[in-house]
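Observations on the three-dimensional arrangement
Take a look at the letters that make up each chain.
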Amino acid sequence: MSEGDAMIRHVVLFTWADEATNEQRKTVAAELSKLPGIIEQIRDYRLGDDLGISPGNQQFALVADFDDVESFLVYRDHPAHQAVIRDHIKPILASRAAVQYEL
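Quick caveat: nothing in here was measured; it's all calculated off a predicted structure.

Observations concerning the pattern of salt bridges
This model, assessed by the stated rule, comprises 6 salt bridges. Measuring nitrogen to oxygen at the nearest pair gives 2.8 Å for the salt bridge that ties arginine 46 to aspartate 44. Overall, the relative accessible area of 56% leaves arginine 46 in the exposed class. The closest approach of N and O atoms between aspartate 77 and arginine 76, which form a salt bridge, is 2.8 Å. The class for aspartate 77 is partly exposed, based on a relative accessible area of 45%. Relative accessible area serves as the criterion here: at 37%, arginine 76 is assigned to the partly exposed category.

Put into structure tokens, the structure is as follows:
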């Protein structure tokens, strides 16, 4: 790949609010899991709850790969993705950390 054509990896980590229920947390995972079937620009999509092995960890992680920056931007701004954020993540979110980098 030439410069500017590198694949992009998006990593996001969440900590949930204390009042977040297990049902709400499961719904976030279920709704996010639907996105690869909706947004064709997603090349790889993995998510899961922290195993609780190390204290102080974030509680949920998502890693997604895209062919290029433009594909990531389609995902970032896609109405289905934005709806999951608005309807399921933000209501129970305590903190979020994210990074995008070239593979």
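What to know about the environment of asparagine 57
Here asparagine 57 lies in the loop between strand 2 (42-49) and strand 3 (60-66). In the structure, asparagine 57 is positioned 31 residues away from histidine 88 in sequence and 21 Å away in space, judged by C-alpha atoms. Looking at asparagine 57, its side chain comes within polar contact range of the side chain of aspartate 50, at 2.9 Å.

Parameters and conventions
- Residues numbered from 1 in each chain as written.
- Predicted model: local features only at pLDDT ≥ 70, side-chain atom pairs only at ≥ 80, totals over all residues.
- Heavy atoms only, no water.
- Salt bridge = Lys/Arg side-chain N within 4 Å of Asp/Glu carboxyl O.
- Buried < 20%, exposed > 50% of the residue type's maximum accessible area, 1.4 Å probe, protein only.
- Helix = DSSP H or I, 4+ residues; strand = E, 2+ residues; numbered from the N terminus.
- Polar contact = N/O pair within 3.5 Å; in protein donor to acceptor, adjacent residues only side chain to side chain.

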